[in-house]
Amino acid sequence: MHRLDPKVLQSLLTASQSARTLSHSPYSRYAVGAAVLDELGVVHAGCNIENAAYPQGWCAEATALGAMVMAGGKRALAIVVSGPGPDVITPCGGCRQKLREFGDEDLLVIAADPSGVKQSWTLGQLLPASFGPGHLKTNDQNAN
Ligand code: THU
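These notes cover the structure that comes with them.

## Points about the site of the ligand
Next, step 1: The full set of residues close to the ligand is S28, Y30, V32, N48, E50, C59, A60, E61, I89, T90, P91 and C92.
Next, step 2: Between the ligand and N48, the relevant distance is 2.9 Å, taken from an oxygen atom to a side-chain nitrogen or oxygen of the residue.
Next, step 3: In the model, an oxygen atom of the ligand is placed 2.6 Å from a nitrogen or oxygen of the E61 side chain.
Next, step 4: Tallied by class, the residues present in the shell around the ligand amount to seven nonpolar, three polar and two charged.

Printed below as a string of structure tokens:
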């Protein structure tokens, strides 16, 4: 397990599990909650929100990152994602890329279920050789 202050980890875990209870997932019945820690130590939570037009649904991580941005958070330092178990939940590929927008390769991704924390990785482990904001900053053709 990677290192995070135990009190901070507990608050992230509680927030993600609480967000999970709000999940709108009538189609998959797979409720997910997520809680992001921003650069100021503020926690932002979200749940997955599905849609009758299936592809229009989105993940808990996306909701939590949206909450962070709307609260003024700029960087994601850690995220706890809580699923139903028993299999360890792991962020989908799209969410890994969304996290990359606001986090470095050392961003902590922690998987949990109703019994507690199960596993953790860095974003660099989950999304190696990633494409990120830095790629665009160095390309003059992208200046406008
Ligand atoms: N889901 C998440 O919200 N986060 C994950 O990390 C994995 C999957 C959601 C998407 C969909 O609503 C449901 O779980 C089943 O895929």
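## Focus on helix 2 (residues 60-70)
Next, step 1: All buried positions along helix 2 are accounted for by A60, E61, A62, T63, A64, L65 and M68.
Next, step 2: Looking at the buried positions of helix 2, the neighbouring elements they touch are strand 1 (33-38), strand 2 (43-47), strand 3 (76-82) and helix 3 (93-102).
Next, step 3: The first or second residue beyond helix 2 is G72, which carries a positive phi of 95°.

## A short note on the pairing of strand 1
Consecutive side chains along a regular strand alternate between the two faces of the sheet.
Next, step 1: Of all the six residues making up strand 1, six are buried; the element is thus mostly covered by neighbouring parts of the structure.
Next, step 2: Burial along strand 1 is two-sided: the residues G33, A35 and L37 and A34, V36 and D38 are all buried.
Next, step 3: With six bridges joining them, strand 1 and strand 3 adopt antiparallel strand pairing. From the neighbouring strand, L37 faces strand 3, where its bridge partner is A78.

## Details of the side chain of N48
Next, step 1: Tracing the chain through its elements places N48 in the loop between strand 2 and helix 2.
Next, step 2: You can call N48 buried: its relative accessible area is 6%.
Next, step 3: A polar atom in the side chain of N48 sits 3.0 Å from the backbone nitrogen of V32.
Next, step 4: When sequence neighbours within four positions are dropped, the list of residues in contact with N48 reads S23, H24, S25, Y30, A31, V32, W58, C59 and A60.

The rules behind each value
Per chain, the residues get numbers from 1 upward, laid out in the order the sequence is written. In view of the model being predicted, local features appear only for residues whose pLDDT reaches at least 70, and side-chain atom pairs are presented and counted only at 80 or more, with totals across whole chains, interfaces and linings using the full set of residues. Each side-chain value is worked out from all heavy atoms of the structure, with water and hydrogens disregarded. Whether a residue is near a molecule or strand depends on its heavy atoms: it is near if one of them lies within 4 Å of it. Distance and chemistry together define a polar contact, namely a pair of N or O atoms within 3.5 Å, with one atom able to donate a hydrogen and the other to accept it when in protein, and with adjacent residues in sequence counting only for side-chain atoms on both sides. For this scheme, ten residues count as nonpolar: Ala, Val, Leu, Ile, Met, Phe, Trp, Tyr, Cys and Pro. Four count as charged, namely Asp, Glu, Lys and Arg, and the remainder, Gly too, count as polar. Accessible area is worked out with a 1.4 Å probe on protein chains only. A residue is then buried under 20% of its type maximum, exposed over 50%, and partly exposed in between. Only DSSP runs of H or I reaching four residues or more are called helices, and only runs of E reaching two or more are called strands; each is numbered from the N terminus. Should any heavy atoms of two residues lie within 4.5 Å, those residues are considered in contact. Pairing between two strands is assigned when DSSP locates at least 2 bridges connecting them.

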